[in-house]
Amino acid sequence: MKSCSSPGEVQLFGDCDEAPQLGEIHDHSMKTPLAGVNSREQRCVLEKLTVFQTAMFNGRSGCESRRMTPSEMAVEIDALPLAAVRVIDLTDGCGETAARLLADLGADVVRVEPVSGARSRTQEPLWGRTSIYYETHNLNKRGVALDFDRPSGKAHFLQLLQSAHILIEGLGASRLSESDIAPASLRERFPSLVIISISDFGNSGPYRTWVGTEAVHSALSSILSRSGLPGRRPLLPPGAMATESAALTAAWAAILAYYNRLESGAGDSVDVSVLESAVQVIDPGSGMAGSAAGGASAVDTPRGRPDVKHRYPIFACADGYVRLCILSPRQWRGVVAWLGRPTSLSDPALERLEARYTQAAQIDSILSEFIATKTRDEVVAGGEQFGVPCAAVLDVGDVFVAEHFRSRSTFVAVETAEGLLRVPNGLIEMDGLRMGVRTRAPRHGEHNSEVLTDWRDAMPDETEIPVPATPRRPLEGIRVLDLGVIVAGGEASRLLADMGAEVIKIESSRFPDGSRQSMVGDLVSPVVARGHRNKQSIGIDLRSRAGLELMRKLVATADVILSNFKPGTMDKLGLSYAELSQINPRIVVVQSSAFGCVGPWSRRLGYGPLVRAGTGLTAMWRYPGEVAGFSDMATTYPDHASARIAALGAVSLLIRRRRTGRGGRVEISQAEVILAQFADILALEALIPGSTEPHRDGRIPDAPRGVYPASGDDEWLVIDIRDSSDWRRLADRIGQPALAVDPRFETAERRVAHRELLDGIITRWTTSRSPREAVAALQRIGVPAGMMLRVADLLEDEHLRDRGAFTVAVHPLVDHPLPSENTPGHFTGVPDVELRPAPLLGQQTRAIAGRLLDLTPEQVDELLGSGVLEENLPPASPVGAEFESHGQEKTYDHQQRVHAERRVPTCAATEGTPWTRPRTDDQSA
């Protein structure tokens, strides 16, 4: 087999005639055992690569394999937005993706390990003696090994800190204090350093000493309560979404604090917890929801697993399964035409979402019969022809050979000590180049001499800006034009607005944002109130020539433009990046789409459920051993994660703009966000097809591990032992110490063989106790456990209340308080989020037209009359007046980058509630 790359280069699997097929990269003669994986007669291994000789920038597709000239490399290094940023990675098994994300974007990330080696180097599952987790989570980094027990080791570490901009640590305060490098003391010694601390439950609160695992966080974050089928045991989601969400939160917090440092001269300390990140990022019950929810919050879901299969139904076809997302009236009309216009579906009322929900059983029966005899490809082709969003439900193995992902070079082979490992190739593109894999994970201590030499004289960039006396929001002075829709789009701009950016939502009632869809007719639903807080809205018809010209004038004043339309839509509107950058060369344009801007699937109508289906996640998210039993209907993942990647990309380019003076464009494929967050599981699947079933969380199977019933109605808890030590403590706690020495339960393999017996023993203990009582007893002895909380429970949870995880506001058009997420981590230099009410569509049209477009009141009236501009005002009442005063309270002078001081509006009804994070005197802005 020929190779598409020269020796020593990373091998891309893309749109290349010579790229190896899945069957061609298996070596069934391999003898090296794969630790932690059940014995198989055949071991699959990727062919070997020689040692890296150069860091090839893997944004190129196809068979291009020539080496870059020095001038070309200089251009591409400049394309890396964080090329001037130096990061120390002191994580170990939790949060390593955070630094990896910054490394992908060009930061010089140095992984610091003890001389004994990081624990994650032996994290299961292993391929020979190689940890698949370590290899996938430490790409693009350099590595040093230091002996913290010796003065020279500490001196070298302090030397690195002297030159660093960001430190990301996940070792915990106790382990750091043992080495005299506690974050508090480092903050005093290096005041310009940004320190991000990642832990399971944070550095404060009642659960701070608890032991967390992926399963525990799924239970405590309320994800478990919405996963599974009605009437059945809750289903643990696959993968490590909670841990990966924390890493993403940490990267987002790091880039915000670093940008704030560039503006203010001050560093920061940020406390990031896995639990709060899971609450915010995976399925925030007090946040944005998909348009299929019709404006309803997850807090209103029934007590059992929600019966929402009608929202994104899955149908069996001749060769598998397909999923449909029928949301808009136009999509429903496409379904009716596709079915041949049956009279049973001719009622015009069925164009309304709520009407279709009442007849879901009849509609699904008709669709099921229609689809049953067709292949997946035939169904998808028919959906595309009639404008019906649909996707094949792919198994994980299908992803590697899917034409779309091959054409995008979504996967790359990287060198390990055992051979090539196939991994996702990054998850973000900038200026048409993939921020992908450039170098393999570092060997232990591989770059000691190199890094210590490179960083010796590389002092942090000094700034003459005086450190502010009070905390500031990092993005003050940045103007964002928000064309985003539904969750992924609306969430990205909300993240920027919360951090001080002036966000102007561009919208029109002719093509309304699906997030404004409400089945009860609210002017502002709780979903909109939370998801569009701190924004303004101008109504513009972008399909009119006059409206497009007004948009161009706004572009000239802006810093960032966000959109998540189907690829090509912005071009058709006359708002391509080339046209936008001609108007404003400093503009940063961020585009998010389901499957990316290029590739065979790029023009498909994309929603989160279709992305999950097309990446193998839906197939993984089902009850073990069941062909059907799909259980991802209630989630909005990966929308919130994708939004954070979009926001991260936007601020990264703002950082590069400070250095180069030019803007740029960011492109996000939501599908590749999923694949990147499941990198280790996918890599294992490429080695051993079928491994995702027993290794759904990336770990070797063990028992007792899973969801157990507790005392009460539909009450459950998770117990998740990690090893034999946990098992012995558990056996003692439940009053059966003899089990700890029983040969049947001596090893993980033997415990799994006797899983049913163990589950019966554990169930008899758990059902006699409340979930919280059982969990508290287990956590006291260090056994990972968590009670299943529901969305409503989160607001009253003692730990989240103590941590101030939620901030509470009111909206004049919503009749109850609105608790929603606070900042992404606990900053010392960034105040809590603002609480200005979400606008009606076009509520600030007049004000924006006068302030930014220089239009007179008479000109505005004329444009409103012609439909070019649109305006909606709140009801004429004292409540409406309060709404308007909030919406107009902040004034902006973009050209001078000066923001008037203003007081964050507080809610008298919620003053002093435990939901709101306690403020210190210097956080009262």
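Predicted, not measured: the structure shown is a model, and the values here were computed from it.

About the thresholds
Residues numbered from 1 in each chain as written. Predicted model: local features only at pLDDT ≥ 70, side-chain atom pairs only at ≥ 80, totals over all residues. Heavy atoms only, no water. Helix = DSSP H or I, 4+ residues; strand = E, 2+ residues; numbered from the N terminus. Buried < 20%, exposed > 50% of the residue type's maximum accessible area, 1.4 Å probe, protein only. Contact = heavy atoms within 4.5 Å. Pairing = 2+ DSSP bridges. Axes fitted to C-alpha atoms, helices over the stretch in contact; angles between N-to-C directions. Salt bridge = Lys/Arg side-chain N within 4 Å of Asp/Glu carboxyl O. Patch = residues over 30% accessible without salt bridge, like charges linked within 9 Å, V, L, I, M, F, W, Y side chains within 5 Å. Areas by Shrake-Rupley, 256 points an atom, 1.4 Å probe, with all protein chains shown as cover. Lys, Arg positive; Asp, Glu negative; His and termini not counted. Charge placed at Lys NZ, Arg CZ, Asp CG, Glu CD. Polar contact = N/O pair within 3.5 Å; in protein donor to acceptor, adjacent residues only side chain to side chain. Parallel < 35°, antiparallel > 145°, perpendicular 65-115°, else oblique. Nonpolar A, V, L, I, M, F, W, Y, C, P; charged D, E, K, R; others polar. pLDDT = per-residue confidence, 0-100. Expected span 1.5 Å × (residues − 1). Left-handed = near helix turned anticlockwise from the far one by under 90°. Phe/Tyr/Trp six-rings, centres within 6.5 Å; stacked < 30°, edge-to-face > 60°. Core = buried A, V, L, I, M, F, W, Y, C linked by side-chain atoms within 4.5 Å. Disulfide = S-S within 2.5 Å.

A.B. asks: Lay out the overall build of the protein chain with the relevant residues and their values.
C.D. replies: A tally of regular secondary structure across the protein chain gives 35 helices and 31 strands. Out of the 925 residues in the protein chain, the part that is buried amounts to 63%. Across the protein chain, contacts joining residues at least 24 apart in sequence account for 77% of those joining residues at least 6 apart.

A.B. asks: Quick one: what's the story with the sheet that holds strand E11 (residues 320-324), residue by residue and with numbers?
C.D. replies: Hydrogen bonds between backbone groups are what pair the strands of a sheet, and the pairing can be parallel or antiparallel. Reading across from one edge, E10-E11-E12 is the order of the three strands in this open sheet, with antiparallel pairing throughout. Whereas interior strands pair on both sides, the edge strands pair on one side only; in this sheet they are strand E10 (314-317) and strand E12 (390-392). Going from strand to strand, the sheet's axes swing by 25° on average, the running direction of each strand aside. Pairing analysis gives three bridges linking E11 to E12, with the strands arranged antiparallel. The partner of Leu324 across the bridge, within E12, is Cys390.

A.B. asks: I'd like to hear about the pattern of salt bridges, residue by residue, with values.
C.D. replies: Two side chains with opposite charge may pair up if their charged atoms get near one another. Evaluated as defined, the whole model comprises 60 salt bridges. Put simply, Arg658 and Glu263 hold a salt bridge, and the shortest N to O gap is 2.8 Å. Separated by 395 residues along the polypeptide, Arg658 in helix H24 (residues 639-660) and Glu263 in helix H8 (residues 241-264) bring together distant segments of the chain. Assessed through its relative accessible area of 43%, Arg658 is described here as partly exposed. The partly exposed category is assigned to Glu263, whose relative accessible area is 25%. Beyond isolated ion pairs, a larger network of salt bridges with shared partners links Glu491, Arg494, Asp498, Arg533, Arg644 and Glu821.

A.B. asks: Explain a positive patch on the surface residue by residue, including any values.
C.D. replies: Taken together, the side chains of Arg330, Arg543, Lys566, Lys572 and Arg603 present a region of like positive charge at the surface. As for its placement among the helices and strands, Arg543 is situated in the loop between strand E19 (535-540) and helix H19 (545-557). Residue Arg543 is classed as exposed on the basis of its relative accessible area, which comes to 53%.

A.B. asks: An account of the sheet that holds strand E24 (residues 716-720) is requested, with residue identities and associated values reported.
C.D. replies: Strand order in this open sheet of three strands is E23-E24-E25, and the pairing throughout is antiparallel. Bordering the open sheet on either side are strand E23 (705-709) and strand E25 (785-787), each of which pairs with just one other strand. Strand after strand, the sheet turns through a mean of 20° between neighbouring axes, direction not considered. Where E24 lies against E25, three bridges are found, and the strand directions are antiparallel. If you follow Leu717 over to E25, its bridge partner there is Met787. Those strands touched by helix H29 (residues 755-766) are E23 and E24, and its axis lies near 40° from that of E23.

A.B. asks: Residues and numbers for the side chain of Arg323, please.
C.D. replies: Along the polypeptide, Arg323 turns up in strand E11. Looking at Arg323, the relative accessible area reads 0%, which means it is buried. Here Asp632 takes part through its side chain, which lies 2.7 Å from a polar atom of the side chain of Arg323.

A.B. asks: Can you explain the packing of H8 against helix H9 (residues 274-281)? Please cite residues and give values.
C.D. replies: Between H8 and H9, the least distance of the axes is 8 Å, while the angle of their chain directions is 90°. Between H8 and H9, the angle is such that the two are roughly perpendicular. Taking contact as the criterion, the partners of Ala242, Thr243, Ser245, Ala246 and Thr249 in H8 are, on H9, Val274, Ser277, Ala278 and Val281. Its residues assigned to classes, the contact of H8 with H9 comprises five nonpolar, four polar and no charged.

A.B. asks: Please give an account of the pairing of strand E9 (residues 268-273) that cites residues and values.
C.D. replies: E9 sits mainly inside the fold: six of its six residues count as buried. Pairing analysis gives six bridges linking strand E8 (residues 194-199) to E9, with the strands arranged parallel. Within the sheet, the bridge partner assigned to Ser197 lies in E9 and is Asp271. By the bridge criterion, two bridges tie E9 to strand E28 (residues 826-827) in an arrangement that is antiparallel. Looking at the pairing, Asp271 lines up with His826 of E28.

A.B. asks: Got a sec to walk through the side chain of Arg656? Specific residues and values, please.
C.D. replies: Mapped onto the secondary structure, Arg656 falls in helix H24. Those residues within four positions of Arg656 in sequence are excluded, and the remaining contacts are Asp78, Ala79, Pro81, Asp431, Gly661, Arg662, Gly663 and Gly664.

A.B. asks: Got a sec to walk through the confidence of the model for the protein chain? Specific residues and values, please.
C.D. replies: Averaged over every residue, the pLDDT of the protein chain is 84; the share at 70 or more is 82%. Confidence over residues 1-68 falls short of pLDDT 50; this stretch has 179 contacts with residues more than four positions distant or in other chains. Confidence drops under a pLDDT of 50 for residues 884-925, and excluding neighbours within four residues, the segment shows 80 contacts in the predicted structure.

A.B. asks: Could you give me a rundown of helix H4 (residues 151-163), with the residues and numbers involved?
C.D. replies: Taking 1.5 Å per residue as the helical rise, H4 with its 13 residues ought to reach 18 Å, and the 19 Å between its terminal C-alpha atoms agrees with that figure. On its buried face, H4 sits against strand E2 (86-90), strand E3 (108-114), strand E6 (142-146), strand E7 (166-169), helix H6 (183-189) and helix H16 (448-456).

A.B. asks: Which residues make up the packing of H8 against H24, and what are the values?
C.D. replies: Interhelical geometry of H8 versus H24 gives an angle of 25° and a closest axis separation of 10 Å. By the criterion of interaxial angle, the relationship of H8 to H24 is roughly parallel. In this structure, H8 crosses over H24, and the sense of that crossing is left-handed. Contacts between H8 and H24 pair Leu248, Ala251, Trp252, Ile255, Tyr258, Tyr259, Leu262 and Glu263 from the former with Ala641, Arg644, Ile645, Ala647, Leu648, Val651, Ser652, Leu654, Ile655 and Arg658 from the latter. Residues belonging to the contact of H8 with H24 are distributed by class as follows: 14 nonpolar, one polar and three charged.

A.B. asks: Lay out the packing of aromatic side chains in plain terms, naming residues and giving numbers.
C.D. replies: For the structure shown, the criterion picks out 11 aromatic pairs. A centroid spacing of 4.0 Å and a plane angle of 15° characterise the contact between Tyr207 and Trp210, whose relative ring orientation is stacked. Taken as a pair, Tyr207 and Trp210 share a single burial class, namely buried. Each member of the aromatic cluster is reached from another via a ring pair, and the members are Phe201, Tyr207 and Trp210.

A.B. asks: With reference to specific residues and values, describe the environment of Pro284.
C.D. replies: Looking at the secondary structure, you find Pro284 in the loop between H9 and E10. On a C-alpha basis, the gap between Pro284 and Thr635 in space is 9.3 Å, while along the polypeptide they are 351 residues apart. Sequence-distant contacts of Pro284, defined by excluding residues within four places in its chain, comprise Val279 and His640.

A.B. asks: Run through unusual backbone geometry, naming residues and quoting values.
C.D. replies: Across the junction of Glu124 and Pro125, the peptide omega takes the value -5°, indicating a cis bond. With respect to the helices and strands, Pro125 occurs in the loop between E3 and strand E4 (126-127). Cis peptide bonds are those with omega within 30 degrees of zero, and the linkage from Ala703 to Pro704 qualifies with 0°. By the secondary structure assignment, Pro704 is in the loop between helix H26 (679-687) and E23. One non-glycine residue, Asp431, lies in the positive phi region at around 55°. Structurally, the position occupied by Asp431 is in the loop between strand E15 (429-430) and strand E16 (433-434).

A.B. asks: Which residues make up the nonpolar core, and what are the values?
C.D. replies: Ranked by internal contacts, the top residues of the largest apolar core, which has 125 residues, are Leu102, Ile196 and Leu324. The greatest single-element share of this core, amounting to 16 residues, is contributed by H8. Residues Phe201, Leu717, Leu739 and Phe745 belong to the second largest nonpolar core, which totals 37 residues.

A.B. asks: I'd love a proper account of the pairing of E11, names of residues and values included.
C.D. replies: Counting buried positions over the five residues of E11 gives four, a clear majority of the element. Sheet topology places E10 next to E11; four bridges connect them, and they run antiparallel. Following the sheet pairing, Ile314 is matched in E11 by Arg323. Between the antiparallel neighbours E10 and E11 lie two residues.

A.B. asks: I'd like to hear about the state of the cysteines, residue by residue, with values.
C.D. replies: A complete count under the given rule lists zero disulfides for this structure. As a non-bridged cysteine, Cys325 has Cys390 as the owner of its nearest cysteine sulfur, 9.1 Å distant.

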